[in-house]
Amino acid sequence: MIETLRDVKKYIQAALEGNEESLQAFGKTYLAQLKCYLVESAGQDARRVGCPSGAWFPLDAPDWYVNEENGQNGSLFLDTSQGRVWRLYSLLDAVESDGLVEKWVRNTVGLDYCWLSRYHMLRWEHSGTWQLRGMGLRFSDGLAPIDEQGNFSLKAWHGASQYLKGLQELLDDASDNFAIHSARWQKISNGSVSISSEWYSNGKVTINRGVDVDEVLAHIGEMAFRYQDALNLASELREEELGAFEFNFAQEIDLDAFSGIVARGIGKMRLWMLEVESEPHFRRFKGLDLHTWDRLFLDLGDDFAYLTIPGKGCINAVPRIAVVQGEDNSGKTDIFYNGEQVFA
Amino acid sequence: MPDDRLTLWRNTIQLFHKYNRPGFVGPFRKAGYRYRIETLMLTRNGDERTPDIVASGPQGWVTLELTTNPSSKEPQLDSYKDIDPRYLSNYGLEMVDQPPDTMSGRLSDVNDGRHCQIIVKDILRVIKKEFLQSERLRDVLAEAEGTDLDHLPSIPISLLPEMKVHEVRKGLVDIVMGLFAPNAEGKSVVEIVDEGLERLADILNPKDKSRLITLVERELESLVRLTDGYMEYGDGVFHQTAKWKEHHRSKEFIVAKLKQWTSRLSTLEDFPEGGE
């Protein structure tokens, strides 16, 4: 039974080492890879929100929990020590893990994913020890009628461009215009790979390879802390002043289509809104974010939007809408406040 | 019909902000001013003053009074000259040891005496700049004259005292939509008004708030009649009924009814027993 943080680390270390051994021996991994989900919690108590599988039991370390179900424990570990940004570690296989977490987040009031901007996902771009090994790009064209949608989804790993002339230029163009859905990184230490990780826009990371558990936890913690800092800053800005967050889109928005979709509260954006002012190239909407049923105001131009979150609405809506709308219909989306980038 | 009071507040507040698209730098932002709203300040004699907006920057500070009232605000603006600037630090603003610049913000011209005036209806106009002490503020306001203010972002406040009926209705739509959240228990009219007032809720004077509550209650009663049984008033709260099921057609219906409600003013049809 896992009862201490030390037990957790030993367990994770064994999983990392097991996968390293099989990778060296057979060129692939057989054990489930470590995953971590960054979950935004609005002041929740872990024992009250419930567990994706079983129930939470505290470990010896403050604010750490392990799940227990039917006498078995140790497939999920939760670190709530940061307060607002929880880290949920999983050693289940991806399909089961993603399904459990999705249900938990969606059905629990006060929980949301941490929505990573492209700048968060490209965090280590200028670090000497990290290499970007690939990117996943996504554009669903969600405002177009189903039969006319120009879906784009691409995952390209480092090295592919050498096999096809013009591919790198295409990838650079696509990256400038579409949302980054995932980014794969490799850390090189003493000439060899010490961490290989794939980050997703919903705050999930899969550790494809890792040598040392503490190094892996530090890597994940770095992103979590950066996201928390961004949330704290955005919260302060919202509370001190009455300005709006600004989104700049790479793609133009079909404002009529947007209006029709949000009036019905359908689509991936999960916004339910009424158009209250209308001009050909500028519309004002008031309504709700159906992830949280919080109120928000959205003023939309052809290639930009202003987002205002009144009252006690959760500031996590800012990166969420940017990420979800970016992947659905607006392409590469940058977030600003008073002209300066935030969530970057 | 224009949203008068909210347009006034929105277009004034955004003069303190900057947006990349389509390219807007508010003059106060350009001059380095930071602001607070509905502040309580005192004069050196201890008399209370509550300007709508107080702002300070490296070279001066300013008090702003926003109004759609056609009578002159000159006496009020005169009284702001006596505010002790040391109270600026209570609000995290830079302390500038001199009397403030005093300004009124309006949607149309009214003579407010020897005080600068900004007209923020759709195009920014600045009147009587010569009464500003701060040369920097004078310059940035002069540069900004003629700026299009029509497409600036909304502010988080959606209800204000002295709003007209059509403004109140538009200010309520998202709060009403929130009544249809899963397991929502409903909201009293006071809770609804507080939500709309946002950060003004705790500082609005009781008389103004009471008037607003009465108006909101009346308008919500008219909306209840329009929503065909999806919403009702009972046990002191406005709430969804058992008829409501979360489905895109129901959401579309509610949005259509809200659109209808915000498109028309109160009529006798809204009050079958004879109106106010």
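Please refer to the structure higher up on the page.
Residues numbered from 1 in each chain as written. Chains lettered and ligands numbered in written order. Predicted model: local features only at pLDDT ≥ 70, side-chain atom pairs only at ≥ 80, totals over all residues. Heavy atoms only, no water.

(A) Structural view of the pairing of strand S9 (residues 116-119) of chain B. Residues and elements named next belong to chain B. Burial along S9 is two-sided: Cys116 and Ile118 facing one way and Gln117 and Ile119 facing the other are all buried. Relative to S9, strand S8 (residues 101-106) runs parallel, the two being bridged by 4 bridges. Looking across to S9, one finds that Met103 is bridged to Cys116. (Buried < 20%, exposed > 50% of the residue type's maximum accessible area, 1.4 Å probe, protein only. Helix = DSSP H or I, 4+ residues; strand = E, 2+ residues; numbered from the N terminus. Pairing = 2+ DSSP bridges.)

(B) Representation of the side chain of Asn73 of chain A within the structure. Residues and elements named next belong to chain A. Looking at where Asn73 falls in the secondary structure, it is placed in strand S4 (residues 72-79). For Asn73, a relative accessible area of 18% corresponds to the buried category. Among the polar contacts listed, one links the side chain of Asn73 to the backbone oxygen of Ile2, at a separation of 2.9 Å. Once residues within four sequence positions are removed from consideration, Asn73 is found in contact with Met1, Ile2, Val66, Asn67 and Glu68. (Polar contact = N/O pair within 3.5 Å; in protein donor to acceptor, adjacent residues only side chain to side chain. Contact = heavy atoms within 4.5 Å.)

(C) Structural view of the sheet that holds strand S10 (residues 125-127) of chain B. All names here are of chain B. Ordered in space as S3-S6-S7-S8-S9-S10, the 6 strands form an open sheet in which the pairing is mixed. Taken across any chain shown, the strands that pair with only one partner, and hence form the sheet edges, are strand S3 (34-37) and S10. Across this sheet, the average inter-strand angle for adjacent strands is 25 degrees, counted without regard to direction. Relative to strand S7 (residues 60-66), strand S6 (residues 53-57) runs antiparallel, the two being bridged by 5 bridges. Paired with Ala55 across the bridge in S7 is Val62. (Axes fitted to C-alpha atoms, helices over the stretch in contact; angles between N-to-C directions.)

(D) Expanded view of empty space enclosed by the protein. On inspection of all chains with the given rule, the structure shows 4 cavities of 30 Å³ or more. Taken as a whole, the largest cavity holds about 180 Å³ of empty space. In terms of lining residues, the largest cavity is bounded by 16 residues, among which Lys286 of chain A together with Leu6, Arg10, Ser154 and Lys170 of chain B are the most central. Those elements that provide at least two residues to the lining of the largest cavity are strand S13 (271-279), strand S14 (282-289) and strand S15 (294-301) of chain A together with helix H1 (4-13) and helix H5 (165-178) of chain B. Among the elements that line the lining of the largest cavity, the one with the most residues is H5 of chain B, at 3 residues. Split into classes, the residues belonging to the lining of the largest cavity amount to 5 nonpolar, 3 polar and 8 charged. Approximately 120 Å³ is the volume found for the second largest cavity. Lining the second largest cavity are 13 residues; nearest its centre among them are Ser117, Arg118, Ala179, Val323 and Thr333 of chain A. Among the elements of the structure, strand S9 (179-189), helix H8 (317-330) and strand S17 (333-337) of chain A are those that each provide at least two residues to the lining of the second largest cavity. With 4 residues, H8 of chain A is the single largest residue contributor to the lining of the second largest cavity. Taken together, the residues of the lining of the second largest cavity break down into 6 nonpolar, 4 polar and 3 charged. (1 Å grid on protein atoms, 1.4 Å probe; cavity = no way out; pocket = protein on both sides within 12 Å on 5 of 7 lines; lining within 4 Å. Points joined across faces, edges and corners; volume = space filled by probe spheres on them. Nonpolar A, V, L, I, M, F, W, Y, C, P; charged D, E, K, R; others polar.)

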